[in-house]
Amino acid sequence: MAYDRSNLHANEHVVVDEHPHWIMLMWSVVWVVLSIALGIYLLTQGWEGWFGTGTKWLAILAIVVSVLYLCQRLIKWYSTNFVITTDRCIYREGIISKRGIEIPLERINTVFFHQHLFERMVRAGDLMIESAGTGGEQRFEDIRNPVKVQNLLYQTMEDNENRKFDRIRTPAEGIGGSVADELTKLAALRDQGHLNDAEFEAQKAQLLARQQPPHTPSG
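Residues numbered from 1 in each chain as written. Predicted model: local features only at pLDDT ≥ 70, side-chain atom pairs only at ≥ 80, totals over all residues. Heavy atoms only, no water.

S.K.: Would you mind going over the sheet that holds strand E2 (residues 81-85) with me for this structure?
M.R.: In a beta sheet, neighbouring strands pair by backbone hydrogen bonds and run either parallel or antiparallel. Judged by pairing direction, the sheet is antiparallel, and its 4 strands sit side by side in the order E1-E2-E3-E4 without closing on themselves. Each end of this open sheet is capped by a strand with a single partner; those strands are strand E1 (14-18) and strand E4 (99-104). On average, adjacent strands in this sheet sit at an angle of 10° to one another, irrespective of strand direction. Two strands pair when backbone bridges link them, and strand E3 (residues 88-93) and E4 are joined in this way by 6 bridges, in the antiparallel orientation. Looking at the pairing, Arg-92 lines up with Gly-100 of E4. (Pairing = 2+ DSSP bridges. Helix = DSSP H or I, 4+ residues; strand = E, 2+ residues; numbered from the N terminus. Axes fitted to C-alpha atoms, helices over the stretch in contact; angles between N-to-C directions.)

S.K.: Can you help me understand the environment of Ile-103 in this one?
M.R.: The topology assignment puts Ile-103 in strand E4. On the basis of relative accessibility, which here comes to 5%, the residue Ile-103 falls in the buried class. In the structure, Ile-103 is positioned 28 residues away from Ser-131 in sequence and 7.6 Å away in space, judged by C-alpha atoms. In contact with Ile-103, not counting residues within four places along its chain, are Arg-88, Cys-89, Ile-108, Ile-129, Ser-131, Gln-138 and Phe-140. (Buried < 20%, exposed > 50% of the residue type's maximum accessible area, 1.4 Å probe, protein only. Contact = heavy atoms within 4.5 Å.)

S.K.: What's the story with the pattern of salt bridges in this structure? I'm lost.
M.R.: Pairing is possible between side chains that carry opposite charge, provided their charged atoms lie close to one another. One pass over the full model with this rule turns up 6 salt bridges. In this structure, Asp-17 and Arg-5 form a salt bridge, with 2.8 Å as the shortest nitrogen-oxygen distance. Residue Asp-17 is located in strand E1, and its partner Arg-5 is located in the segment before E1; the two are separated by 12 residues in the primary sequence. We classify Asp-17 as partly exposed; its relative accessible area is 23%. The class of Arg-5 is partly exposed, set by a relative accessible area of 43%. The partner of Asp-126 in a salt bridge is Arg-139, with the nearest N and O atoms 2.9 Å apart. In this pair, Asp-126 sits in strand E6 (residues 124-131) while Arg-139 sits in strand E7 (residues 137-144), placing the two residues 13 residues apart along the sequence. Linked by salt bridges that have partners in common, Glu-12, Arg-88, Arg-92 and Glu-102 make up one network. (Salt bridge = Lys/Arg side-chain N within 4 Å of Asp/Glu carboxyl O.)

What follows is the structure in structure tokens.
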């Protein structure tokens with residue numbers, strides 16, 4: 001199930017949209033195989049009486065429980081999306097009961113990953129994102145090729161930063177707009193989180209300096 005594109009902001013585009021790695025399903029598949037093997041063994045022993053009946057029901061119960069567990073993991077895999085857009089990092093999981101995390105790219109400080117030996121072999125691992133704010137560090141498990149995702153996330157963050165400064169330069173370099181209109185645009189960028197207070201003040205001073213008439217010497 002792909003991420004719902006109707007939830008994107010204006011001019012926002014999806015860079016990565018992936019389900020977790022198949023390693024997420026590995027142990028549930030192992031339990032199904034083991035329970036079927038155990039069930040076949042118990043059902044073919046020919047034990048009679050209450051002991052034979054009990055072992056048969058035990059075999060059936062083990063198979064049913066393991067299959068239900070596999071179905072639960074499949075549903076979770078299908079309903080989980082790790083998404084990187086041009087503006088945000090998004091995590092969604094669940095169909096009936098949903099859970100989600102959104103981290104603006106401007107707030108991400110550090111991205112690092114962790115892989116065990118087997119995870120390195122199958123190109124899976126955990127991705128940790130450290131961001132400013134109350135959330136702190138967020139851990140995302142069973143990411144496909146976390147090394148590639150880490151590099152791609154850093155590249156998207158850099159592209160987002162470049163676009164932010166392009167938006168800053170646009171009102172300052174525009175022709176025909178009043179100083180008040182351009183200051184309003186700068187204030188909007190600050191309120192949306194694209195500028196911090198120091199950047200806002202610096203661009204404001206630069207804009208006011210450009211709008212001042214050139215000094216002509218007297219005499």
